[in-house]
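# Close look at the chain arrangement
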Amino acid sequence: MEDFLKDLNEQQKQAVLATEGPVLIIAGAGSGKTRTLTYRIAYLINKQIAKPSEILAVTFTNKAAREMKERLQTLLGNQVIPLWMGTFHSVCARILRIEAEKIGLSRNFTIYDVDDSVRALRKILSSKGLSPQKFNPKVVQNRISRLKNQFILPENLLEQEFEDEYDEVVAEVYKAYQAFLKQNHALDFDDLLIRPIQVFDEYPEIKTKYNNKFRYILVDEYQDTNHAQYLLLKRLLNPQKNLCVVGDEDQSIYGWRGADIQNILNFNRDFPQAKVFKLEENYRSHSNILKAANAVVKNNKSRLGKNLWTKKADGPKIRLVIAEDEVDEARKVVEIIHDEMYTYKRSFKDIAILYRTNAQSRALEDQLRRNAISYNIIGGVKFYDRKEIKDVLAYLKVLVNPADSVSLRRIINFPLRGIGETTVNKIERFAEIEHITLFDALGRVDEVANISATMGNRVKQFHEMMVKFMALKDELNAVELASTLVSEAGIMHHYQTEYDQYESESRIENIKELFTTMDQFAHERQKENRESDLAAFLEEVSLLTDIDTWNESSNAVTLMTLHSAKGLEFPVVCITGLEMGLMPLQRSSADLEELEEERRLFYVGMTRAMESLYLTYANRRRRYNSGTFNTPSVFLDEIPGELIEYRSKKRGSRSTGAVKKRRTAREKKLEAYFHNNDDNQDRGDEFFVGQKVYHETFGKGQILQLEGSGEKMKITVHFFRDDITKKLIKKFANLSPLEE
DNA sequence: CAGCTGTATCTTTTT
DNA sequence: GATACAGCTG
């Protein structure tokens, strides 16, 4: 054990040894952050400073937790280590499950994802007679989520003075939404964080229990914590305040989700006695990559500042690849892959292709398929978002929590059994009057007015089937229960007889895969001596992150968003779509803070690369219906010219120079083309992209896109007040330019 | 009530 | 270019 401290550099060792009191570890990209955290935990256990059960370690993804546990086991000699390790959300769910009875919560609560929340909100909005045009359920969901992240509860909100009608409606809907969740024994993602805070405030004995239990708390990726998570941490801390947070302000990329970069920037102010350690030696990347990344992120103002360095060689220059459009870009990515494979003997799994938006994966996938390059795609249409999987899960959710009316509505007429919307609404009204759940009302369908005998029988049949399976819940294990249910409810039959044979097969495959996953889950949980029932499985599934389902062992090129790439590394990284409007995104370009976050995102992408980094952009790109013409990302200009070289189409003929300093003939031609086009669009018009404008009804906004010309020109404007984007015809819009 | 068809809206990133 | 929803028909 003494020995293993030799694996650490001086700063890392200091960070491991400073076990007492608050500690901030500023860990640059690739500086051995995970290693330091793991060794710190191993040290605490090995020196018997803490028992494993007294340690809480919060990670950003479940995958990170899994990997850290494995490394810990290796370090400590293969014992099973019963410590709490997981994401904020899963740790909170675990606490809530344990304390459920004391705090008047059903132990079998359901976790609603964003989709479920939006469904619930749509219903609430319509019951209040609010038009979904004006009050978009998604926007309302977003607002409510923001409020929850700030730990602003409906009761605090209702006392306030409102600036506009929108806020007023959101406050009212928020309150109704919380009541709805309560009725359904459901919590949304944000509630998972908020409820424990409330519980700790309301029940001091529960707070004390966890204060005594968790004597040592560690938090990874601290730069991406939100205010609610911060408040939760404050409550978990006992007077010794043995809190160790690890983070890198340059990698804070979740501000849009409510993450507060100030948490890390102000750690010293929160804990004046905190010890601060900086890990600045990078073990991952060639020097050129690091220099380029440093030069980019240096342009940000919101940072503590650090100087990441490496002992590694310069390595190849960063290769810039210019494509004509997204198809050409994808072809060039294929060339890069071939090049790296033949010249440097890489395998598929050494290579990652990163992009800003999931939509960009399509063109890339097409070309990879054509060239028989196997690939793994992370995010996008997720396994657990597939219709057939959601259907099966909805059945299981109802079995576990019959009060969950969102899931119940999803399955009551799937597969079709002749129970339509009208009937369900009648029964629901009855349930409201009787103050019972929708599910229980199904059993009393005879008492509901205006329902025919045939219809009543259908409803009763469904209800009886579900009741039967609920009774079986304790006799069968999760997989047995699920597979029996899937065949008896007619789901299997429904998909087997689907017209599209290919579709049908893949759906059945997916359902089978779900069962396999359930099985694996049960085994893993049993090893740790934790519960493995259906409720536990559903909770696990609800809280999976994109990266958690990634099969790392397969030899395939990896495709994912820049966000998903955080924490990973690859010998070869290719960042695509480096154009204005896409990276940075149009709507994040105007606001300084948002622009800095985009820059950090680019920085995260660059620092994933160990040996080779390729950057690509396309002069033209199809974006849903229309094409756009693009200029290179401003971030490319921030890379010093001597670190970058053009990679032209012909292998071996490479020219050097900064982005705008030297151009090939084709480049010049493309640029000329671009400028001409620009001129055509702009000539005689007073509007341009990025311009601030004013509209009679919508107020102030900013132009995102211009299409066509003259009176018929279509202008896409994002209006700030209502956070809406509208496409307007110039002739009718009556927009006036704002001077700024 | 089921099933079909046309249209609107979306795409920024995700626990 | 997909998906969800409204509106229609049988």
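These notes cover the structure that comes with them. (Residues numbered from 1 in each chain as written. Chains lettered and ligands numbered in written order. Predicted model: local features only at pLDDT ≥ 70, side-chain atom pairs only at ≥ 80, totals over all residues. Heavy atoms only, no water.)

## With respect to empty space enclosed by the protein
All chains considered together, the criterion is met by three cavities of 30 Å³ or more. Along its surface, the largest cavity is lined by R97, N108, F109, T110, I111, K397, V400, A535, L538, E539 and S542. Looking at which element gives the most residues to the lining of the largest cavity, the answer is helix α25 (residues 534-542), with four residues. Here the lining of the largest cavity is built from residues that sort into five nonpolar, three polar and three charged. (1 Å grid on protein atoms, 1.4 Å probe; cavity = no way out; pocket = protein on both sides within 12 Å on 5 of 7 lines; lining within 4 Å. Points joined across faces, edges and corners; volume = space filled by probe spheres on them. Helix = DSSP H or I, 4+ residues; strand = E, 2+ residues; numbered from the N terminus. Nonpolar A, V, L, I, M, F, W, Y, C, P; charged D, E, K, R; others polar.)

## Structural notes on the pairing of strand β13 (residues 570-575)
Successive residues of a regular strand alternate their side chains across the two faces of the sheet. Most of β13 is tucked away: six of the six residues are buried. As defined by bridge partners, strand β10 (residues 351-355) adjoins β13 across four bridges and the pair is classed as parallel. Pairing of L354 across the sheet is with I575, part of β13. Pairing analysis gives five bridges linking β13 to strand β14 (residues 609-618), with the strands arranged parallel. Note on β14: the bridge partner recorded for V572 is S612. As for the winding sense of the linkage, the β-α-β connection from β13 through helix α26 (residues 592-606) to β14 is right-handed. (Buried < 20%, exposed > 50% of the residue type's maximum accessible area, 1.4 Å probe, protein only. Pairing = 2+ DSSP bridges. Right-handed = clockwise from strand over helix to strand, strands pointing away.)

## Brief notes about the sheet that holds strand β7 (residues 243-247)
Across the sheet, six strands lie side by side as β3-β2-β6-β7-β1-β8; this open sheet has parallel pairing. Every other strand in the sheet has two partners, leaving β3 (84-86) and β8 (275-279) as the edge strands with one partner each. Neighbour to neighbour, the strand axes of the sheet diverge by 10° on average, direction disregarded. Note: strand β1 (residues 23-27) against β8, five bridges, orientation parallel. When the bridges of β8 are listed, A27 appears paired with L279. Seen against the sheet, helix α4 (residues 88-99) touches β2 (55-58), β3 and β6 (216-219) and runs at an angle of roughly 130° to β3. (Axes fitted to C-alpha atoms, helices over the stretch in contact; angles between N-to-C directions. Contact = heavy atoms within 4.5 Å.)

## Remarks on the pairing of strand β9 (residues 318-323)
In terms of burial, β9 is a largely internal element, six of the six residues being buried. Of the two faces of β9, the one carrying I318, L320 and I322 and the one carrying R319, V321 and A323 are both buried. Pairing between β9 and strand β17 (residues 644-647): three bridges, direction parallel. Its bridge partner being in β17, R319 is matched across the sheet by E645. With five bridges joining them, β9 and β14 adopt parallel strand pairing.

## Some thoughts on the protein's contact with DNA strand B
Neighbouring DNA strand B are 27 residues, the closest being R356, L416, T422, T423 and T545. Taking the atoms of DNA strand B that fall within 4 Å of the protein, sugar and phosphate contribute 55% of them. Within the side chain of R257, one N or O atom sits 3.4 Å away from a sugar or linking oxygen of DNA strand B. Interatomic distance of 2.4 Å between a side-chain N/O atom of T422 and a phosphate oxygen of DNA strand B. Its residues assigned to classes, the surface near DNA strand B shows eleven nonpolar, twelve polar and four charged. (Near = heavy atom within 4 Å. Polar contact = N/O pair within 3.5 Å; in protein donor to acceptor, adjacent residues only side chain to side chain.)

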